[in-house]
Amino acid sequence: MGRYTDPMEGTVATVERPDGTSIHTVSAGSGERTVVLAHGYGFTLDGWNLIAGSLVDRGMRVVAFDQRGHGRSTIGSDGIGSAQMASDYGAVLEAHDLDDAVLVGHSMGGFLSIAFLLGGSEAVDRVGSLL
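About the thresholds
Residues numbered from 1 in each chain as written. Predicted model: local features only at pLDDT ≥ 70, side-chain atom pairs only at ≥ 80, totals over all residues. Heavy atoms only, no water. Core = buried A, V, L, I, M, F, W, Y, C linked by side-chain atoms within 4.5 Å. Buried < 20%, exposed > 50% of the residue type's maximum accessible area, 1.4 Å probe, protein only. Helix = DSSP H or I, 4+ residues; strand = E, 2+ residues; numbered from the N terminus. Contact = heavy atoms within 4.5 Å. Pairing = 2+ DSSP bridges. Axes fitted to C-alpha atoms, helices over the stretch in contact; angles between N-to-C directions. 1 Å grid on protein atoms, 1.4 Å probe; cavity = no way out; pocket = protein on both sides within 12 Å on 5 of 7 lines; lining within 4 Å. Points joined across faces, edges and corners; volume = space filled by probe spheres on them. Nonpolar A, V, L, I, M, F, W, Y, C, P; charged D, E, K, R; others polar. Phe/Tyr/Trp six-rings, centres within 6.5 Å; stacked < 30°, edge-to-face > 60°. Salt bridge = Lys/Arg side-chain N within 4 Å of Asp/Glu carboxyl O.

**Brief notes about the nonpolar core**
- Core analysis: the biggest nonpolar cluster contains 20 residues, and V36, F65, Y89, L93 and F116 have the highest contact counts within it.
- Breaking this core down by element, the ones donating at least two residues are β3 (34–38), β4 (61–65), α2 (82–95), β5 (101–105) and α3 (108–117).
- When residues in this core are grouped by element, the largest group, six residues, is from α2.
- Setting aside its immediate chain neighbours within four residues, V36 contacts V63, F65, L93, L98, A101, V102, L103 and V104.
- Among the nonpolar cores identified, the runner-up in size contains 12 residues, and V26, A64, V102 and V104 belong to it.

**Structural notes on helix α1 (residues 49–57)**
- Inspection of α1 places N49, A52, S54 and L55 among the buried residues, and these make up the whole buried set.
- Against β3 and β4 lie the buried residues of α1.
- Of the residues trailing α1, G59 is marked for its positive phi of about 90 degrees.

**Describing the sheet that holds β3**
- Reading across the sheet, the six strands line up as β1-β2-β4-β3-β5-β6 and stay open at both edges, with mixed pairing between neighbours. Each of the sheet's edge strands pairs with one partner strand only, and the pair in question is β1 (11–16) and β6 (127–130). Within this sheet the neighbouring strands show an average axis-to-axis angle of 25 degrees, counted without direction.
- By the bridge criterion, four bridges tie β3 to β5 in an arrangement that is parallel. Residue pairing for β5: V36 is matched across the bridge by L103.

**A short note on the layout of surface pockets**
- Of the volumes computed, that of the largest pocket is approximately 250 Å³.
- Considering the residues around the largest pocket, the lining is formed by 15 residues, among which G2, E9, N49, A52 and G53 are closest to the centre.
- With seven residues, the single largest contributor to the lining of the largest pocket is α1.
- When the residues that make up the lining of the largest pocket are grouped by side-chain class, the tally is seven nonpolar, four polar and four charged.

**Some thoughts on the packing of aromatic side chains**
- Taken as a whole, this structure holds two aromatic pairs when the rule is applied.
- Arranged with centres 5.1 Å apart and planes meeting at 80 degrees, the rings of F65 and Y89 form a pair that is edge-to-face. You can see F65 sitting in strand β4 and its partner Y89 sitting in helix α2, a full 24 residues away along the chain.
- The exposure class assigned to F65 is buried, which follows from its relative accessible area of 1%.
- Taking the centre distance of 6.1 Å and the plane angle of 35 degrees together, the rings of Y89 and F116 count as tilted. Remark: F116 occurs in helix α3 and Y89 occurs in helix α2; sequence separation between them is 27 residues. Both residues of the pair, Y89 and F116, belong to the buried class.
- One aromatic cluster is present, formed by F65, Y89 and F116 through successive ring pairs.

**What to know about the pattern of salt bridges**
- For the structure on display, the rule yields seven salt bridges.
- In this structure, R72 and D66 form a salt bridge, with 3.4 Å as the shortest nitrogen-oxygen distance.
- Overall, R72 belongs to the partly exposed group, its relative accessible area being 42%.
- For D66, a relative accessible area of 0% translates into the label buried.

Here you go:
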């Protein structure tokens, strides 16, 4: 197991949003179940590195992303706010072709997870459970 200061390891991808925002993602593992990790305010996806490694070791696929305006993700022309950030969740799930994912949110990530799920049926179809 790595140290908490190590970056999260995995396949790096960028999800481009219509307003020019670029969402930085890292995915690891290849399990049947996928866990999506959404960090809180002022953090980055690297804050999940130890948890992500442990989940991968237990046979799960993990996808983590830097929230809009955090870490290696940018802020596009629509700015930063709850609606914009919640819609980014759908883009990340779609880009990684996820259905029935476990969505885990920490602090702001949890609030935005709820906002995303309240946004409509597409969100509910892509997420099987929320933590």
